[in-house]
Amino acid sequence: MQTPLFNRNVASLAAKFRIAPPYIANFDSGSAMLRATAAYLRGEDFPGMGTTPPAAEPIATLINKLPQQVQEFIYTLGSAGEAILPQQLSGVSAEVVSQWMVSEYPQRQYPAVAIGSASGALVHLSAALDMPWLPQTFMIPVLHPELNPDNPKEAMEWGRQVAKPLLDANPDLVLHHMYDPNQDRLTLRGMDYFRVKRLRLGETYKRFLQDCLPRGGTIFIVECQRTWPTTQVSDRHIFQFGALGGATPEEFMHGSDRVPEYLERYNVPKQQWNPPTPDGDRPEAEWGFEPSLRNDIENFARDRGYQIRRIVFQEPEHLSPFVAELYRHWYKQRGMLANRLLVESFILLEPMWALRTGSVPFWMKFNMQPSLEWIENYLENTDPYDEIYMILFSHGVDAVGLPSIESWRQVFRRARKRGEFIGVEEDKFPRNFATLIRYYTDLQRVIPSRYPLPGSLTLEQLDQFVQETGDRFLVNWE
């Protein structure tokens, strides 16, 4: 068992060297988007998702050339390598995690701070506003090497047995044990996803706000209202079978024509999964906002004279068209053409180089059919772009709802002059693992334009844009 002294030492290292605690997943949306936002506010770019140097590109290129089974094994091994043993869960400290998170940011005054749901579009909004973002949700990968990815009931019972020490040590957290054999098949062969959400700010977040947000400053509460059918395991412990992506909740729970085809591809002798019976819709594990945190933020803000603004949207990607059009508007105000679109995917995003290349950022939550439909919907309802560039995350699974690379290429037909993938070997998708590094290196090679970094947008400019655009976007500003 890890001792309080151990946790204090971890916290000290986190604050001094910006080292994440060993139980935090690097490949998760929360940690990656925190790093991307903080890197920009430090004046830095974001290579290798903030954890892998560009010098590793030759290794990634070599992995792309290996046989499929070897690639999948490396992917499983790499993700399991980030996992902790179940016995170490009692040593997890939400406050140590928070200390690392706030240490990523320059300790100075900001006009606003965002707290809540993860969103790649929010990374770009934060960059534009010179605004830190503090996640509500973070992920703990827990080693489980004997797991069969297609037995969710067994996974839930295993989670019931090992989770209590984590919850006992962290009364301000609620555990969402997320289990998705469709998109996460390779990672589930070695570990489980324990996502936890803050119910209260905690002392570290409060101290950061007091030190870095002047009286009268604004706290944006970012609330993705997406829910999912889930099962209550115990107090503050929820099991979620499936996740946002290509398959619907109905397909995870009851099957469809697509599910047996998928299971057959992976030699699973089933026609559908047999998950625990859901007993209610609750905030989605990765993206959804747990509203208990809002009450704590509002009470804290009231006592200290902070302004509260809520950014409320239903789906993680609903913020993306708003941010894209805000950037387009911003570029035109700076005398730029604003005719280049950069489509990003999951944690492959680059706030610094979007601005340096004069690219309008549009973030997709993943590489599945709903994301393809969302970018096509955006392009149908905006002025055309001369250039469209696209980064696609590769997760190694021929999943339910995965569009072909040819389908993704159709997006480029909407570009008036040029359309091109960034960091993607088309014949390798969705096992193009080199893209985890090449999204950064190829972005600079493919787009030669360079612009100086602008000053930040003011909150008044943001408010004016919100007022002018009215009901065009599926985002409520409250």
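Everything below is about the structure printed above this text.
If you're wondering where the values come from, they're calculated on a predicted model, not measured in any experiment. (Residues numbered from 1 in each chain as written. Predicted model: local features only at pLDDT ≥ 70, side-chain atom pairs only at ≥ 80, totals over all residues. Heavy atoms only, no water.)

Visitor: Residues and numbers for the sheet that holds strand 13 (residues 387-390), please.
Guide: Either a parallel or an antiparallel arrangement is found when strands of a sheet pair, and the pairing is made through backbone hydrogen bonds. If you trace the four strands from one edge of the open sheet to the other, you get 12-11-13-14, paired in parallel fashion. Two strands in the sheet have a free side with no partner beyond their single neighbour: strand 12 (360-364) and strand 14 (418-421). Neighbour-to-neighbour, the strand axes of this sheet turn through a mean angle of 15 degrees, independent of strand direction. Where strand 11 (residues 340-345) lies against strand 12, five bridges are found, and the strand directions are parallel. Among the inter-strand pairings, Glu 344 is bridged to a residue of strand 12, identified as Trp 363. (Pairing = 2+ DSSP bridges. Helix = DSSP H or I, 4+ residues; strand = E, 2+ residues; numbered from the N terminus. Axes fitted to C-alpha atoms, helices over the stretch in contact; angles between N-to-C directions.)

Visitor: How would you sum up the sheet that holds strand 15 (residues 476-477)? Please name residues and give values.
Guide: Taking strand neighbours across the sheet as the criterion, the five strands line up as 2-1-6-10-15 in an open arrangement whose pairing is mixed. Pairing within the sheet leaves two strands with one partner each, and these edge strands are strand 2 (133-135) and strand 15. Looking at chain direction, strand 10 (residues 307-313) and strand 15 are connected through two bridges and run antiparallel. Paired with Val 312 across the strands is Asn 476, a residue of strand 15. Strands strand 1 (112-116), strand 6 (218-224), strand 10 and strand 15 of the sheet are contacted by helix 19 (residues 459-469), whose axis makes an angle of about 45 degrees with strand 6. (Contact = heavy atoms within 4.5 Å.)

Visitor: Tell me about the environment of Arg 294, residues and numbers included.
Guide: Mapping Arg 294 onto the fold places it in helix 13 (residues 292-304). With relative accessibility at 18%, the residue Arg 294 sits in the buried group. With 73 residues separating them in the primary sequence, Arg 294 and Ile 221 have C-alpha atoms 7.1 Å apart. Residues within four places of Arg 294 in sequence aside, it is in contact with Ile 221, Glu 223, Phe 289 and Arg 310. Among the polar contacts listed, one links the side chain of Arg 294 to the side chain of Glu 223, at a separation of 2.9 Å. (Buried < 20%, exposed > 50% of the residue type's maximum accessible area, 1.4 Å probe, protein only. Polar contact = N/O pair within 3.5 Å; in protein donor to acceptor, adjacent residues only side chain to side chain.)

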